[in-house]
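Examination of the molecular architecture
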Amino acid sequence: MKKKFLLFGFALTSVLGASAQTCEVLDATIEPGGKGTITVKFDADVEWDGIETIGVNFKLPEGVSLGDWNDANWGGVIDGAAVPSGNQIWLNNEGFCTLGVMDYQVSFENGNEVTMTFPIVASAEVEEDDYSLAGTEGSMVIGDQLFIEDDNLVNGTLTVGAPTTYDAIVYTATGVSPMQFSNAALVEAYVAAHPNEIVEFASAPAAFAEVYNVVVAGAAKSIILDSRFAYAYAGEAFDAESVSFDYYIGTFASKTGGWNSLAIPFTGEPADAKPFTTADMTSGEYWAKVFTGSNSEGLVFENLDAAQFEANKSYLVAFPGSDYGVNEFASSSITISAANTKVYPAYSEKTPGSPYSMSTVYAGSTPAKAYVLNPAGTMFELKETAEPAAPFTAFASAESGAPVLRSLAILDANQGITSAADAAVASTTVYGEDGEIVIIASEAGVASIVNMNGQVVKANVAYNEGETRVAIAAGAYVVAGQVVIVK
């Protein structure tokens with residue numbers, strides 16, 4: 001039989017404003033004859049000035065009482081700073097606890113959070129059961145003022161008895177770790193402290209499934225990934241209602257380099273900034289290319305057909321740096337997201353190519369004899385030994401019988417480039433401005449302007465020593481082996 005006891009009755013003074021305010025009682029567990037705590041969390045979406053006291057009224061189940069007042073505490077964050085703990089707390093045997101802030105003038109504003117923790121003690125004879133931590137009937141009232149409405153009271157459960165634990169497999173950067181969790185709050189605290197680690201349960205309460213990066217019975221509510229941390233999930237592919245991946249840019253593009261390799265374990269679309277694609281070469285903000293093959297001199301990439309990155313494919317992305325003036329990419333990251341999609345484990349997926357293939361890497365290291373993108377983002381260089389891998393990247397490897405080169409060039413299928421020598425023109429810098437392509441050269445010459453589909457827009461454009469400006473429509477072009485953006 002389930003029993004209920006009432007939990008709230010507040011006493012506050014000098015309340016100047018009242019708006020939506022959430023008060024949440026967290027789940028708690030206590031064993032017969034043991035000690036425990038009950039925690040109440042306030043999301044302070046209200047401005048209070050000059051608070052003197054906050055009170056919480058408990059009517060505990062028979063056999064459970066308040067513990068030593070020295071064990072009660074409060075804390076949190078106000079205006080971005082930690083709240084000092086232990087400011088005058090009183091308890092009494094009737095279950096009324098008052099937190100006295102005394103002369104500490106506090107202004108709780110949006111985004112602040114305060115927690116109050118109360119000690120409890122159970123007798124050895126207490127009846128084992130689940131007790132609802134319910135708010136009082138009606139609304140929270142301070143004097144004549146409405147304080148917290150029923151809809152904003154989040155109730156927990158006090159379990160009296162041996163805590164129920166649920167077995168989990170946690171996929172960490174260093175391996176698989178079996179763990180046990182007794183409530184959703186502990187799971188949430190764990191994943192918040194361990195980015196990209198996936199916690200997997202065969203079965204668990206519904207509250208567990210609401211926590212991000214948690215998989216229950218082969219499905220997840222929400223997955224949040226970050227390119228700065230290893231992703232080492234090694235279970236079966238699972239379905240997720242939503243996935244969000246924050247990609248932090250390692251190298252920004254200059255006129256001579258700046259590619260980054262990229263791989264993700266799900267199929268998603270950029271949520272904010274879009275890349276140039278074959279379907280749209282005018283409104284993109286960065287370059288993104290997918291590996292399609294290789295030849296005797298390097299790896300061949302081509303433009304994306306649409307603004308979408310597919311699971312476990314090898315990509316190159318480049319974000320215009322300061323060399324590109326007004327076209328410099330404004331952020332340090334992009335977000336790729338998806339809804340109702342499949343999330344794959346962190347195995348290395350190989351995209352075949354002859355004589356060189358590419359593979360994804362999400363954690364750990366690249367193998368010996370792998371070709372890894374160099375820091376300048378200009379080519380893939382051979383590494384004789386295994387090397388630590390940046391998460392969510394890709395590397396190349398030679399197929400059997402392929403020549404072992406010291407480096408592999410980045411070749412562009414859309415530009416018709418078939419060798420590294422075709423990719424650059426010495427002593428020539430090209431960049432885009434509003435309605436113009438600017439060519440700065442050490443000597444006069446001739447160059448054609450090619451769009452990103454490989455079509456010649458202006459053939460044999462003569463440029464002089466120094467600066468030459470060419471009027472042209474907005475878009476992305478290749479001039480003298482360099483990609484430029486004109487707006």
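None of the values given here were measured: they were computed from a predicted structure. (Residues numbered from 1 in each chain as written. Predicted model: local features only at pLDDT ≥ 70, side-chain atom pairs only at ≥ 80, totals over all residues. Heavy atoms only, no water.)

Thoughts on the overall build of the protein
Of regular secondary structure, the protein possesses 2 helices and 45 strands. Considering the protein as a whole, with its 487 residues, one finds that 47% of them fall into the buried category. Within the protein, counting contacts between residues at least 6 apart in sequence, those at least 24 apart form 67% of the total. Element-wise, carbon and sulfur atoms account for 49% of the exposed surface of the protein, whose accessible area totals about 21900 Å². (Helix = DSSP H or I, 4+ residues; strand = E, 2+ residues; numbered from the N terminus. Buried < 20%, exposed > 50% of the residue type's maximum accessible area, 1.4 Å probe, protein only. Contact = heavy atoms within 4.5 Å. Areas by Shrake-Rupley, 256 points an atom, 1.4 Å probe, with all protein chains shown as cover.)

A look at the environment of Asp 272
As for its position among the elements, Asp 272 is in the loop between strand S26 (269-270) and strand S27 (287-294). Considering only alpha carbons, one finds Asp 272 and Thr 335, 63 residues apart in sequence, at a separation of 6.7 Å. Those residues in contact with Asp 272 that lie beyond four places of it in its chain are Ile 334 and Thr 335.

What to know about the packing of aromatic side chains
Using the criterion set out here, one finds 20 aromatic pairs in the structure. For the pair Phe 181 and Tyr 190, a centre-to-centre distance of 6.0 Å together with 70° between the ring planes defines the contact as edge-to-face. Tyr 190 gets classed as buried once you look at its relative accessible area, which sits at 13%. Here the aromatic rings of Tyr 362 and Phe 392 are separated by 5.6 Å at their centres, their planes lie at 75°, and the arrangement is edge-to-face. (Phe/Tyr/Trp six-rings, centres within 6.5 Å; stacked < 30°, edge-to-face > 60°.)

With respect to the pairing of strand S37 (residues 393-398)
By the criterion of burial, S37 is predominantly enclosed, with 5 of the 6 residues buried. Direction of pairing for strand S32 (residues 356-361) relative to S37: antiparallel, over a ladder of 6 bridges. When the sheet's bridge partners are listed, Ser 359 is paired in S37 with Phe 395. (Pairing = 2+ DSSP bridges.)

What to know about the pattern of salt bridges
According to the stated counting rule, one finds 11 salt bridges in the structure shown. The salt bridge involving Lys 221 is made with Glu 241; its shortest N-O contact spans 3.4 Å. Pair noted here: Lys 221 is in strand S23 (residues 219-226) and Glu 241 is in strand S24 (residues 238-248), with a separation of 20 residues, a long-range link. Note on Lys 221: relative accessible area 32%, which makes it partly exposed. Overlapping salt bridges bring together Glu 433, Glu 436, Glu 467 and Arg 469 as one network. (Salt bridge = Lys/Arg side-chain N within 4 Å of Asp/Glu carboxyl O.)

Looking at the sheet that holds S23
Taking strand neighbours across the sheet as the criterion, the 8 strands line up as S20-S19-S21-S22-S23-S24-S30-S26 in an open arrangement whose pairing is mixed. Across the chains shown, the open sheet's two edge strands, defined by having one partner strand only, are strand S20 (175-181) and S26. As paired strands, strand S21 (residues 198-201) and strand S22 (residues 214-216) are joined by 3 bridges and run parallel to one another. By the bridge assignment, Phe 201 is partnered in S22 with Val 216. Lying over the sheet, helix H1 (residues 184-193) contacts strand S19 (166-172), S20, S21 and S22, oriented at roughly 150° with respect to S20. (Axes fitted to C-alpha atoms, helices over the stretch in contact; angles between N-to-C directions.)

Remarks on the sheet that holds strand S40 (residues 436-441)
Two orientations exist for strands paired in a sheet by backbone hydrogen bonds: parallel and antiparallel. With antiparallel pairing, 3 strands are arranged side by side in an open sheet as S39-S40-S43. With partners counted over all chains shown, the strands left at the sheet margins are strand S39 (428-433) and strand S43 (466-471), one partner each. Across this sheet, the average inter-strand angle for adjacent strands is 20°, counted without regard to direction. Note: S39 against S40, 6 bridges, orientation antiparallel. Across the sheet, residue Val 430 finds its bridge partner in S40, namely Ile 439.

Notes on H1
Since the α-helix turns once every 3.6 residues, residues separated by three or four places project in the same direction. Residues of H1 that are buried include every one of Ala 184, Val 187, Tyr 190 and Val 191, and no others. Buried residues in H1, looked at end-on, bunch into an arc of 120°, giving them a common side. Within H1, the exposed residues directed more than 90 degrees away from the buried face are Ala 192 and Ala 193. Among the structural elements, S19, S20, S21, helix H2 (206-209) and S22 are those in contact with the buried residues of H1. For H1, the N-terminal capping position is held by Asn 183, with its side-chain oxygen 3.1 Å away from the main-chain nitrogen of Ala 185. (Arc of directions from axis to C-beta. Polar contact = N/O pair within 3.5 Å; in protein donor to acceptor, adjacent residues only side chain to side chain.)

Some remarks on the confidence of the model for the protein
The predicted coordinates should not be examined in detail at positions where pLDDT is low. Averaged over the protein, the pLDDT score is 78; the fraction of residues at 70 or greater is 75%. Across residues 1-20, confidence stays below pLDDT 50; counting only partners more than four residues off in sequence or on other chains, it has 78 contacts. The low-confidence segment residues 45-53, where pLDDT is below 50, has 51 contacts with residues more than four positions distant or belonging to other chains. (pLDDT = per-residue confidence, 0-100.)

A closer look at the environment of Met 452
Counting through the fold element by element, Met 452 comes out in the loop between strand S41 (445-451) and strand S42 (456-463). Residues Met 452 and Met 281 lie 171 residues apart in sequence; the distance between their C-alpha atoms is 7.2 Å.

Points about the side chain of Thr 341
You can see Thr 341 is positioned in strand S30 (residues 333-343). A residue is classified by how much of its surface remains accessible, and Thr 341, at 13% relative accessible area, is buried. In this structure Thr 341 touches Phe 238, Asp 239, Ala 240, Val 243, Phe 266 and Thr 267, once residues within four positions along its chain are discounted.

Re the environment of Ser 283
For Ser 283, the position within the fold is in the loop between S26 and S27. In this structure Ser 283 comes out as partly exposed when scored by relative accessible area, which is 45%. Ser 283 sits 10 residues away from Ala 273 along the chain, and the two C-alpha atoms are 9.6 Å apart.

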